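# Per-entry structural report
One-letter residues, chain by chain:
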Amino acid sequence: MKKHVSHILTLVLVTGVLSAVWSFQYVSPAEWGNYFKAQLNVGQTASVEENPMNKIAQELKNREEELDEREAELTKKEEFLIREIAEEQERRNMYIVGALIVVVVTVLMNFILDWKREEREEGMLRKILRRTNSNE
């Protein structure tokens, strides 16, 4: 029985070692270190003495952040103006379409009224011609 237990323990140990080696193939030691640091809540900090290069780098970083904020504001304003212009163009298009409809309706009414008037005048002319023919 002791032989079987030792074989099983050897098998478990070999399997554990092989799986650990296999997992290290795909994960770098640095990633394992980060994982274990995160599990242990271990952190590290570093500081560098202030020097002109650090100051300039920090100023550039601050300036870049400020410019990014300005760019975001300008983008918002630009989008607002584009929407306003589109709405204004839509209103103008509606006015133009309305005016065109009024013009087309007016021209059609003119043709219809001219046609009716001509029919009426032809009818009156025929009556006059009949009367004159009947009077002769």
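In short, a report on the structure. Residue numbers here run from 1 along each chain, matching the order of that chain's written sequence. pLDDT decides what is reported in this predicted model: residues at 70 or higher carry local features, side-chain atom pairs at 80 or more are listed and counted, and totals for whole chains, interfaces and linings draw on all residues regardless. In computing side-chain values, all of the structure's heavy atoms are included and hydrogens and water are not.

The helix and strand tally for the chain stands at three helices and zero strands. Labels follow the DSSP assignment, with helices taken as runs of H or I lasting at least four residues and strands as runs of E lasting at least two, numbered in each case from the N terminus. When its helices and strands are written in sequence order, the chain yields α-α-α. Only protein chains enter the calculation, and the probe is 1.4 Å; a residue is then buried if its accessible area is under 20% of its type maximum, exposed if over 50%, and partly exposed in between. Looking at the chain residue by residue over its 136 residues, the buried ones come to 0%. Total accessible area on the chain is roughly 13,500 Å²; 63% of this is exposed by carbon and sulfur atoms. For every accessible area listed, the method is Shrake-Rupley and the probe measures 1.4 Å; residues are considered covered only by the protein chains on display.

Each patch is built from salt-bridge-free residues with over 30% relative accessible area, joining like charges within 9 Å and nonpolar side chains (Val, Leu, Ile, Met, Phe, Trp, Tyr) within 5 Å. We count a salt bridge whenever a side-chain nitrogen from Lys or Arg sits within 4 Å of a carboxyl oxygen from Asp or Glu. Charged residues are defined here as Lys and Arg on the positive side and Asp and Glu on the negative side; His and the ends of the chain fall outside this count. In this description, the location of a charge corresponds to atom NZ of lysine, CZ of arginine, CG of aspartate or CD of glutamate. Negative charge collects at one region of the surface, where E64, E65, D68, E69, E71 and E73 lie side by side. Residue placement: E64 occurs in helix α3 (residues 52-135). Overall, E64 belongs to the exposed group, its relative accessible area being 51%.

Another point: the pattern of salt bridges. Counted by the stated rule, this structure contains five salt bridges. Note that E66 and R63 form a salt bridge whose closest N and O atoms lie 3.2 Å from each other. With E66 and R63 both in helix α3, this residue pair falls three residues apart, about one helical turn. Classification of R63 by relative accessible area gives partly exposed; the value is 42%. Between D114 and R117 there is a salt bridge whose closest N-O contact spans 3.5 Å. Remark: R117 and D114 occur in helix α3; sequence separation between them is three residues, near one turn of the helix. In this structure R117 comes out as partly exposed when scored by relative accessible area, which is 38%.

The subject of this paragraph is a nonpolar patch on the surface. Taken together, the side chains of V97, I101, V105, M109 and L113 present a nonpolar region at the surface, about 460 Å² in accessible area. Structurally, the position occupied by L113 is in helix α3. Its relative accessible area of 54% is what places L113 among the exposed residues.

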